[in-house]
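# Structure assessment
Below, each chain spelled out in residue letters.
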Amino acid sequence: MNRKMEEKRSWDWHTELTEIAFEEWKTRFNWVQAPRVSMDGERIAAVVNLDEMAFTVCVNGDVWEGEYEKVWSLTPVSENGFAAFAARDEEWTMNVNGTEWSNWCDFIWNMMVSPDGTRLGAAFQTDSEYGVIVDDVPWEDRYENMTGAVMAPDGTSAAVVQVESMAAADVDAFKKGVFCVARNGKAMDRRFLNIWDISFDADARNIACGVRTDRETYGIVQNNSVWDNRFESVWKPAFLDADTLLAPVRSGGKWHLYKNDAPFWANAYDQLWHLTISPDGSQVAAIVSSPFGRWTVAVNDRVWQQSWDTMVADIHFSADGSCLAAVYKHKEFWDLAVDETPWHMAADMVFVPRISKDGSVVAVVVEKQGQYQLVVNKRVVASGYRFMAEPVISPDGTKVMLKGIENGIYKRKIIGL
Amino acid sequence: MQSQDNTMTDPSNETKQAEKAKQKATDPAIEAGLERLTPERIKKTINQVLEKETGPRFKAYVETCMRCGLCAEACSYFLSNDRDPRFMPAAKVKNTIWEMLVKKGEVSRDFLREAVRISHLECNVCKRCAMYCPFGIDIAYMMLLVRRICHKLEITPQYIQDTVNSHSVTLNQMWVKDDEWIDTLQWQEEDAREEFEDLQIPLDKMGADIMYSVIAPEPKFQAGLIYQTAAMMHAAGIDWTMPSTPGWDNSNMAMYTGDNEISGRIAKAFFETAAKLRVKRIVMGECGHAFRSVYDMGNRWNSWVMPPFEVVHALAFYHELLTEGRITIAEKYKKKVTLHDPCNVSRGRGLHDKAREVVNMVCEDFVDMVPNREHNFCCGAGGGVINCGPPYKGERMVNNRNKAEQLAATGAEVLIAPCHNCHSGLEDIIQHYDLKMEIKFLGDLMYETMEKKIYKPGA
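Because the structure is a prediction, the values reported are computed rather than measured.

## Regarding the overall build of chain A
Scanning chain A from terminus to terminus reveals three helices and 44 strands. Taking 417 residues into account, the globule formula puts the C-alpha radius of gyration at 22 Å, and chain A, at 23 Å, falls close to it. C-alpha atoms of chain A, sized along the principal axes, occupy 60 × 55 × 40 Å. Counting only residues that meet the buried cut, chain A has 58% of its 417 residues in that class. Carbon together with sulfur atoms contributes 43% to the accessible area of chain A, which is approximately 16,900 Å² in total.

## As for the interface of chain B and chain A
Accessible area lost upon the coming together of the parts serves often as the stated size of an interface. On the chain A side, the residues contacting the 51 residues of chain B number 60 residues. Roughly 4,900 Å² of surface becomes buried between chain B and chain A when both sides are summed, with 56% attributable to carbon and sulfur atoms. Where chain B meets chain A, there are six salt bridges. With a shortest N-O distance of 3.5 Å, Arg 212 of chain A and Asp 259 of chain B are connected by a salt bridge. Put simply, chain B and chain A have 23 residue pairs in polar contact (both at pLDDT 80 or more) between them. Taken together, the elements giving at least two residues each to the side of chain B that touches chain A come down to α2 (28-36), α9 (139-153), α10 (158-170), α11 (178-192), α15 (260-277) and α16 (289-301) of chain B. Grouping the constituent residues of the side of chain B that touches chain A by class yields 16 nonpolar, 12 polar and 23 charged.

## Let's talk about the domain arrangement of chain B
Residues and elements named next belong to chain B. Domains assigned within chain B are domain 1 (22-156), domain 2 (168-322) and domain 3 (331-449). Look at where the C-alpha atoms of domain 1 and domain 3 centre, and you get two points 27 Å apart. Taken together, the contacts link 23 residues of domain 1 with 21 residues of domain 3. Carbon and sulfur atoms supply 49% of the area buried between domain 1 and domain 3, which totals about 1,800 Å² over both sides. Taken together, domain 1 and domain 3 are joined by two salt bridges. A salt bridge links Asp 82 to Arg 401, with the nearest nitrogen and oxygen atoms 3.0 Å apart. Viewed at the interface, domain 3 and domain 1 are joined by 15 residue pairs in polar contact (both at pLDDT 80 or more). Secondary structure elements with two or more residues in the side of domain 1 that touches domain 3: α5 (76-80), α7 (109-121) and α8 (128-132). The biggest single contributor to the side of domain 1 that touches domain 3 is α5, with four residues.

## Observations concerning the sheet that holds strand β33 (residues 324-330) of chain A
All names here are of chain A. Strand order in this open sheet of four strands is β32-β33-β34-β35, and the pairing throughout is antiparallel. The outermost strands of the open sheet, each flanked by one partner alone, are β32 (311-317) and β35 (341-342). The pairing of β32 with β33 spans six bridges and is classified as antiparallel. Pairing of Phe 317 across the sheet is with Leu 324, part of β33.

## Here's the deal with the layout of surface pockets
Of the pockets and cavities examined, the second largest pocket occupies roughly 1,400 Å³. What lines the second largest pocket is a set of 40 residues, and nearest its centre among them are Arg 250 of chain A together with Glu 53, Arg 148, Asn 260 and Trp 301 of chain B. Residues of the lining of the second largest pocket, tallied by class, amount to eight nonpolar, 14 polar and 18 charged.

## Structural notes on the packing of helix α17 (residues 314-323) of chain B against helix α23 (residues 442-449) of chain B
Residue and element names in this part refer to chain B. Viewed as axis vectors pointing N to C, α17 and α23 meet at an angle of 20°, and their least axial separation amounts to 10 Å. Comparing the axis directions of α17 and α23 gives the class roughly parallel. Crossing of α17 against α23: the hand is left-handed. Note on element contacts: α23 touches α17 through Leu 442, Gly 443 and Met 446, opposite Leu 315, Tyr 318 and Leu 322. When grouped by side-chain class, the residues that make up the contact of α17 with α23 number five nonpolar, one polar and no charged.

## Things to note about the pattern of salt bridges
Residues and elements named next belong to chain B. With the rule as written, the count across this model stands at 59 salt bridges over all chains. Glu 189 serves as the salt-bridge partner of Arg 193, at 3.3 Å between the closest nitrogen and oxygen. Taking the relative accessible area as the measure of exposure, Glu 189 reaches 12% and is therefore buried. What you see here is one network of salt bridges that share partners, running through Asp 84, Arg 86, Glu 114, Arg 117, Glu 122 and Glu 395.

## Here's the deal with the pairing of strand β11 (residues 107-113) of chain A
All names here are of chain A. Counted residue by residue, β11 has five buried out of seven residues, so it is predominantly covered. Sheet topology note: the β11/strand β12 (residues 120-126) ladder contains five bridges and is antiparallel. Bridge pairing links Ile 108 to Phe 124 in β12. Following β11, the chain reverses through six residues before pairing antiparallel with β12; Gly 117 in that reversal takes a positive phi of roughly 80°.

About the criteria used
Residues numbered from 1 in each chain as written. Chains lettered and ligands numbered in written order. Predicted model: local features only at pLDDT ≥ 70, side-chain atom pairs only at ≥ 80, totals over all residues. Heavy atoms only, no water. Helix = DSSP H or I, 4+ residues; strand = E, 2+ residues; numbered from the N terminus. Rg over C-alpha atoms; globule rule 2.2 N^0.38 Å. Buried < 20%, exposed > 50% of the residue type's maximum accessible area, 1.4 Å probe, protein only. Areas by Shrake-Rupley, 256 points an atom, 1.4 Å probe, with all protein chains shown as cover. Contact = heavy atoms within 4.5 Å. Buried area = accessible area lost by both parts, 1.4 Å probe. Salt bridge = Lys/Arg side-chain N within 4 Å of Asp/Glu carboxyl O. Polar contact = N/O pair within 3.5 Å; in protein donor to acceptor, adjacent residues only side chain to side chain. Nonpolar A, V, L, I, M, F, W, Y, C, P; charged D, E, K, R; others polar. Domains from an automatic or database assignment. Pairing = 2+ DSSP bridges. 1 Å grid on protein atoms, 1.4 Å probe; cavity = no way out; pocket = protein on both sides within 12 Å on 5 of 7 lines; lining within 4 Å. Points joined across faces, edges and corners; volume = space filled by probe spheres on them. Axes fitted to C-alpha atoms, helices over the stretch in contact; angles between N-to-C directions. Parallel < 35°, antiparallel > 145°, perpendicular 65-115°, else oblique. Left-handed = near helix turned anticlockwise from the far one by under 90°.

Below, the structure written as structure tokens:
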């Protein structure tokens with residue numbers, strides 16, 4: 001059992017209702033920004049304004065000690081807490097549960113939280129040099145430009161960095177390639193015109209990305225090698241396991257799925273992206289378009305029967321790989337399909353669904369006419385809320401935790417299924 | 001300055017200067033690219049594009065054109081250059097893609113140098129000529145096809161290529177770094193709090209009704225426009241957000257250089273940012289080509305027949321704010337104004353009547369330019385022409401004489417240009433032809449005239 005699961009078991013699944021008067025905060029502060037809810041639902045927090053250029057974070061009615069000129073990117077992290085970027089005297093740092101990191105910089109952004117919430121990273125800039133900081137440890141090497149910073153679950157970090165200066169509008173220098181991947185701050189050897197979508201394998205030992213090698217040639221990088229095949233374009237690759245890399249590639253005007261530099265799926269698509277691999281590695285799914293303008297999901301190269309006219313936004317597997325849910329938009333309404341079956345909710349918005357480990361329970365927040373609802377296995381179990389955070393399904397799959405604001409009161413509600 | 005026959009005279013005799021400049025102007029990116037080319041590569045690339053990337057549409061256009069010349073009157077370049085037949089849209093086709101087709105790709109470097117010039121500098125891909133063609137032949141499409149070939153041959157003009165390079169690295173067109181973007185938004189928020197003490201520019205707010213997106217010149221040079229929009233959003237009580245991540249810039253110069261792959265990547269990032277934030281719709285600032293990118297070209301490269309999110313151009317959004325009473329006008333703007341209809345949101349989207357309604361709600365004295373609405377002349381900067389940079393400004397001004405005449409004839413004191421490229425190009429024209437006009441975005445006037453009070457439903 002992983003740490004995340006252990007933690008979920010220790011949460012309170014018995015207290016049916018916990019309430020916190022959230023709207024009341026507005027009488028205490030000049031203004032209150034958008035709420036965030038802790039992973040376990042026990043705490044609600046928001047950035048609040050105390051005075052001119054004086055901000056802090058209020059958690060369950062208590063404010064963090066420090067006052068700051070600016071606070072942003074308030075995010076739930078582990079230990080039922082929150083982290084945010086905070087500035088004082090025009091310098092920035094990360095603040096975790098009211099405690100500042102020791103490192104301060106000229107700017108900090110791109111909050112990265114490991115899936116279990118225990119590791120925190122961000123991009124930073126000091127004196128016009130760029131790097132990544134993880135758990136208050138900044139990269140030793142800094143670069144004049146940096147994009148696409150990512151962090152693996154174990155805190156390994158990487159980003160695309162510029163390793164050679166370019167004069168303004170110097171298209172010749174660009175053509176030679178001035179960008180490479182830096183892993184934990186150390187720049188790798190190969191330079192490219194462009195690098196996008198850095199991906200790690202499960203243990204962060206292997207790294208992959210999409211690259212452009214000349215004006216119209218794209219490739220896939222797997223560790224220090226570029227695949228031999230070249231393509232018209234590529235999207236984010238994904239590791240099936242440590243030795244197996246998958247990547248959507250465009251060739252002959254169509255999109256194909258390649259595995260370790262060779263065709264993998266037989267079908268070609270008008271679009272193929274967002275590779276999603278079931279945790280056990282047995283299923284590979286992707287959002288696909290075929291024919292042109294129709295959107296659906298392919299699992300192991302088998303296309304769902306249903307397709308939609310606008311978009312599939314994201315897809316999610318259950319931990320055991322038995323269930324796949326897709327958030328899609330069709331004829332101006334958002335909806336959810338679970339294992340090919342549409343729920344027909346016709347919502348104004350569908351948020352990220354949560355799925356029980358065995359795939360038997362799917363819970364999702366939807367918005368209709370300005371009100372939030374919680375829908376579990378197609379059944380509306382709560383409605384009339386003005387805000388809801390993503391729900392949590394109990395480890396045994398018998399309960400769902402609702403986290404929402406109703407009539408100005410934050411409610412943590414345990415709903416039996 | 002205007003002569004008696006209503007034809008503009010060039011104040012600095014720049015026609016001759018520009019001709020001279022044109023003869024000796026060398027674009028290092030074009031010249032270096034041409035130098036690298038071999039006849040084999042030229043032939044292979046042209047034939048690859050013509051055979052693999054075109055279809056019945058191109059065939060129909062090629063086979064249908066009767067060389068009737070009706071397209072000529074539609075073209076600002078033709079009209080600005082004393083009806084020189086070289087500038088007829090049909091001639092531009094004849095002198096570029098037609099020759100490539102007839103000669104099966106066996107064309108010279110000198111031919112390609114001219115093809116780059118015609119397709120990138122002597123056509124705004126404004127599609128006005130398509131309206132005047134009896135068969136509706138879309139010559140802009142053909143010019144974009146030429147640009148696609150130039151892209152693959154690596155002979156795209158330097159400055160616009162640098163813009164595309166920026167897009168490819170940062171997903172914005174002006175090398176704006178991630179921290180600079182966020183810092184600018186926070187700076188504008190801070191400034192705007194002097195006017196509205198609790199104003200916020202909410203970053204990454206999940207589930208907001210609206211994602212507001214701009215193009216990179218706003219954080220780079222015109223941050224006040226973000227301020228103005230924030231003031232409007234706040235006053236109107238809109239639930240909105242702006243993304244802190246790449247995907248915030250809706251511009252797309254790759255669309256105009258024929259780098260369809262980067263163009264598609266930009267559009268993907270844009271719509272996926274909206275999807276990640278779970279917003280209901282996207283409102284975009286006053287930019288025309290960006291609208292074309294997300295409404296027509298970039299989306300379709302990705303297999304989105306229509307944009308996956310409703311994209312509301314600023315013109316339509318202002319109309320909504322005013323007609324719903326979310327923003328009221330305290331006192332109408334007094335000066336005599338005229339309105340330039342940007343090609344991509346007028347001919348391309350039909351927003352011209354809404355634009356006029358907004359102008360009339362905001363301004364007391366509006367005079368239309370002639371022609372107008374979908375028949376309006378292009379600003380002369382659009383289609384990536386101004387993005388080819390300072391080396392070509394002189395000849396651009398010569399090629400914009402027709403537009404200068406159209407503007408001067410209005411007698412307006414203020415020109416409203418609700419598009420960034422139009423705005424920059426028209427500003428050049430006003431200065432060059434000494435037109436004695438101010439130029440403004442419509443948002444400038446909205447902000448200037450609006451009641452600075454907070455909207456209360458039912459009040």
